[in-house]
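Next come the chains, spelled out residue by residue.
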Amino acid sequence: MRKFAAALLLAATALSAVAADNVVKIAVNENGFTPAQLNVAAGQAFVIEVQNTGKKAVEFESKQLHVEKVIAAGKTSQVKVKALKAGSYKFFDEFNEDKAKGEVVAK
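All values derive from a computational prediction rather than experimental measurement.

### Describing the overall build of the chain
So, point 1. Scanning the chain from N- to C-terminus turns up one helix and nine strands.
So, point 2. Listing each helix as α and each strand as β along the chain from the N terminus yields α-β-β-β-β-β-β-β-β-β.
So, point 3. Once local pairs closer than 6 in sequence are excluded, the contacts in the chain between residues at least 24 apart make up 58%.
So, point 4. For the chain, the exposed area adds up to about 6,900 Å²; of that, 57% sits on carbon and sulfur atoms.

### A look at the pattern of salt bridges
So, point 1. The final tally for this structure, using the stated rule, is three salt bridges.
So, point 2. With its nearest N and O atoms 3.1 Å apart, the salt bridge here joins lysine 63 to glutamate 61.
So, point 3. Note on lysine 63: relative accessible area 58%, which makes it exposed.
So, point 4. Taking the shortest distance from any N to any O, the salt bridge between glutamate 103 and lysine 90 comes out at 3.4 Å. Separated by 13 residues along the polypeptide, glutamate 103 in strand β9 (residues 101-106) and lysine 90 in strand β8 (residues 87-93) bring together distant segments of the chain.

### A word on the packing of aromatic side chains
So, point 1. According to the stated counting rule, one finds three aromatic pairs in the structure shown.
So, point 2. Summarising the aromatic geometry, the rings of phenylalanine 33 and phenylalanine 60 are spaced 6.0 Å apart at their centres and angled 85 degrees between planes, so their arrangement reads as edge-to-face. Taken together, the residues span a long stretch of sequence, with phenylalanine 33 in strand β2 (residues 32-34) and phenylalanine 60 in strand β5 (residues 58-62) at a distance of 27 residues. We note that phenylalanine 33, like phenylalanine 60, is buried.
So, point 3. Connected via pairs of aromatic rings, a cluster forms that spans Phe33, Phe60 and Phe91.

### Brief notes about the sheet that holds β8
So, point 1. Taken together, five strands build an open sheet; the order of strands is β3-β9-β8-β5-β6 and the sheet is mixed. The sheet is open, and its two edges are formed by β3 (37-40) and β6 (67-71), each paired on a single side. The mean angle between the axes of side-by-side strands here comes to 20 degrees, regardless of whether they run parallel or antiparallel.

### A look at the sheet that holds strand β1 (residues 23-29)
So, point 1. With mixed pairing, the four strands of this open sheet are ordered in space as β2-β1-β4-β7. Two strands lie at the open edges of the sheet, namely β2 and β7 (76-81), each paired on one side alone. Sheet twist, expressed as the average angle between the axes of neighbouring strands with direction ignored, equals 30 degrees.
So, point 2. Bridging between strand β4 (residues 46-52) and β7 involves six bridges; their strand directions are antiparallel. Opposite glutamate 49, over in β7, you have glutamine 78 as the bridge partner.

### A word on the pairing of β5
So, point 1. Of all five residues in β5, five are buried; the element is thus mostly enclosed.
So, point 2. Every second residue of β5 is oriented toward a common face, with Val58, Phe60 and Ser62 on one face and Glu59 and Glu61 on the other, all of them buried.
So, point 3. Across five bridges, β5 lies against β6 in antiparallel orientation. Across the sheet, the residue bridging to glutamate 61 is glutamate 68, located in β6.

Definitions and cut-offs
Residues numbered from 1 in each chain as written. Predicted model: local features only at pLDDT ≥ 70, side-chain atom pairs only at ≥ 80, totals over all residues. Heavy atoms only, no water. Helix = DSSP H or I, 4+ residues; strand = E, 2+ residues; numbered from the N terminus. Contact = heavy atoms within 4.5 Å. Areas by Shrake-Rupley, 256 points an atom, 1.4 Å probe, with all protein chains shown as cover. Salt bridge = Lys/Arg side-chain N within 4 Å of Asp/Glu carboxyl O. Buried < 20%, exposed > 50% of the residue type's maximum accessible area, 1.4 Å probe, protein only. Phe/Tyr/Trp six-rings, centres within 6.5 Å; stacked < 30°, edge-to-face > 60°. Pairing = 2+ DSSP bridges. Axes fitted to C-alpha atoms, helices over the stretch in contact; angles between N-to-C directions.

Written as structure tokens, this is what we have:
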């Protein structure tokens, strides 16, 4: 049982390390996301580092990526994303959905 727990911990740590090495950065404010398209490698976990450059909180959300995170004004936060199949995955700022939209493209 101990060996199984150690192996599980090692696997989780390895996944975290892989995701931490594969970071894509994006900024968001009341005018939208910059860049509005993030390109990532299909089949690899990654992290989206979201910098809120606006004066109000934002909520980075994607139903397709199964993530949502509120980020205070002037703050930066990270969202971990599991490996994706090739395709396009929409995201948005739930607090400013009419202007702040984007997509992750996995190739």
